[in-house]
Amino acid sequence: MRKPIIAGNWKMHKVTDEALELVNKIKDKVNETDVEVVVCSSFVALSEIKKVIGGSDLKLGAQNMHWEDEGAYTGEISASMLKDIGVDYVIIGHSERRQYFNESNETVNKKVIKAIETGLKPIVCVGETLDQRDGKKTFDIIKEQVLVAFDNVNKEDVINTVVAYEPIWAIGTGKTASSNEANEVISYIRSLIQDKYGVGVSEEIRIQYGGSVKPTNVTEIMNETDIDGALVGGASLESEKFLEVVNF
Ligand code: 13P
């Protein structure tokens, strides 16, 4: 049985005080649930959040990292810096990073490898644009994104990664992929993992859906057989809404 995983991606929201306020409202409500819950804050709030989540089951995630260990990369954050703070997860290859910061499948792959090497669990994002979907290219795009992201990643490590299928046209738009549409692509991702790593791995790896997930649609999404969780943007910024999503 795969344990569901719900992660809040706060994107570029919340100064540290606001981040702590939100975490304090949710941290004790996620203990001993059957769902793994992660909050992915801005870099600058990570340390302070880590201090307050202490013994709670709430996990901490970052939204990006660089693939090199260290060096002259002004403005970048390394995997070991995140590990040092006690970060558990790191989102890699979010479509906003691909779109606005020129991330490619190749840089995603380098980051996935470095995250794993450093003991961080990557949440690897994949997804197609509306044009690609309309042009019936969804499966080709997803295949390329998944296979390149996991190039040179071995079986034992891939189990500890999470894949997030986020159709770009559903992010922040209020448009959700229907749960069937999402499940169809997520099943396809699972089949790609199966072809590459075998059925044991494909049955274990967790694959999330992301894109306008909210309290009103989360149950339907989570009822799909292949969907193991959600990567939540807007609805993760308010404690009540996020907890409703978590308690789908
Ligand atoms: P929204 O839930 O705001 O659509 O954002 C989804 C997302 O990009 C999560 O990473």
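Residues numbered from 1 in each chain as written. Predicted model: local features only at pLDDT ≥ 70, side-chain atom pairs only at ≥ 80, totals over all residues. Heavy atoms only, no water.

Undergrad: Is there a simple way to explain the overall build of the chain in this structure?
TA: Counting secondary structure elements, the chain contains 12 helices and eight strands. Its C-alpha atoms give the chain a radius of gyration of 17 Å, within 12% of the compact-globule value 18 Å for 248 residues. Within the chain, the fraction of its 248 residues that count as buried is 52%. Counting contacts in the chain only where the partners sit at least 6 residues apart, residues at least 24 apart contribute 73% of the total. Carbon and sulfur atoms provide 48% of the accessible area of the chain, an area that totals close to 11,400 Å². The positive charge centre, built from 28 side chains, and the negative charge centre, built from 40, are 1 Å apart in the chain. (Helix = DSSP H or I, 4+ residues; strand = E, 2+ residues; numbered from the N terminus. Rg over C-alpha atoms; globule rule 2.2 N^0.38 Å. Buried < 20%, exposed > 50% of the residue type's maximum accessible area, 1.4 Å probe, protein only. Contact = heavy atoms within 4.5 Å. Areas by Shrake-Rupley, 256 points an atom, 1.4 Å probe, with all protein chains shown as cover. Lys, Arg positive; Asp, Glu negative; His and termini not counted. Charge placed at Lys NZ, Arg CZ, Asp CG, Glu CD.)

Undergrad: How should I be thinking about the sheet that holds strand 3 (residues 59-62) in this particular structure?
TA: Sheets are built from strands paired through backbone hydrogen bonds, the pairs being either parallel or antiparallel. With respect to topology, eight strands assemble into a closed barrel ordered 1-2-3-4-5-6-7-8, the strand pairing being parallel. Averaged over all pairs of adjacent strands, the angle between strand axes in this sheet comes to 25 degrees, irrespective of strand direction. Where strand 1 (residues 5-9) meets strand 2 (residues 36-40), five bridges bridge the pair, whose relative direction is parallel. The residue bridging I6 from the neighbouring strand is V37, located in strand 2. (Pairing = 2+ DSSP bridges. Axes fitted to C-alpha atoms, helices over the stretch in contact; angles between N-to-C directions.)

Undergrad: How should the packing of aromatic side chains be read in this particular structure?
TA: The geometry of an aromatic ring pair comes down to the distance between the two centres and the angle between the two planes. Using the criterion set out here, one finds three aromatic pairs in the structure. Note on F139 and Y188: the rings are 4.8 Å apart at their centroids and 90 degrees apart in plane angle, and the pair reads as edge-to-face. On the criterion of sequence distance, the pair formed by F139 in helix 7 (residues 138-149) and Y188 in helix 9 (residues 179-197) is long-range, its members being 49 residues apart. The ring of F101 has R97 sitting right over it, with the charged end atom 4.2 Å from the ring centre. (Phe/Tyr/Trp six-rings, centres within 6.5 Å; stacked < 30°, edge-to-face > 60°. Lys NZ or Arg CZ within 6 Å of the ring centre and 35° of its normal.)

Undergrad: Hey, could you run me through the packing of helix 5 (residues 105-118) against helix 7 in this one?
TA: In a pair of packed helices, the angle between the axes and the distance between the axes together describe the arrangement. Packing of helix 5 against helix 7 leaves a shortest axis separation of 8 Å and a crossing angle of 35 degrees. The crossing of helix 5 and helix 7 is right-handed. Taking contact as the criterion, the partners of N105, E106, V108, N109 and V112 in helix 5 are, on helix 7, E144, Q145, V148 and A149. (Left-handed = near helix turned anticlockwise from the far one by under 90°.)

Undergrad: What should I look at first to understand the pairing of strand 4 (residues 89-92) in this one?
TA: Regular strands place their side chains on alternate faces of the sheet. Because side chains alternate across strand 4, one face comprises the buried residues Y89 and I91, and the other comprises V90 and I92, equally buried. Of the pairings in the sheet, the one linking strand 3 to strand 4 comprises two bridges and is parallel in character. Counterpart to G61 in the pairing with strand 4 is Y89. In terms of handedness, the path from strand 3 via helix 3 (residues 79-85) over to strand 4 forms a crossover that is right-handed. Relative to strand 5 (residues 121-126), strand 4 runs parallel, the two being bridged by four bridges. Its bridge partner being in strand 5, V90 is matched across the sheet by P122. (Right-handed = clockwise from strand over helix to strand, strands pointing away.)

Undergrad: When you look at the site of the ligand in this model, what are you seeing that I'm missing?
TA: Near the ligand the following residues occur: N9, K11, H94, E166, A170, I171, G172, G211, S212, L231, G233 and G234. For the ligand, an oxygen atom lies 3.0 Å from a polar atom in the side chain of N9. One nitrogen or oxygen atom from the main chain of G234 is found 2.9 Å from an oxygen atom belonging to the ligand. The protein chains hide 94% of the 310 Å² of surface that the ligand would expose on its own. A breakdown of the residues in the shell around the ligand according to their chemical character gives three nonpolar, seven polar and two charged. (Near = heavy atom within 4 Å. Polar contact = N/O pair within 3.5 Å; in protein donor to acceptor, adjacent residues only side chain to side chain. Nonpolar A, V, L, I, M, F, W, Y, C, P; charged D, E, K, R; others polar.)

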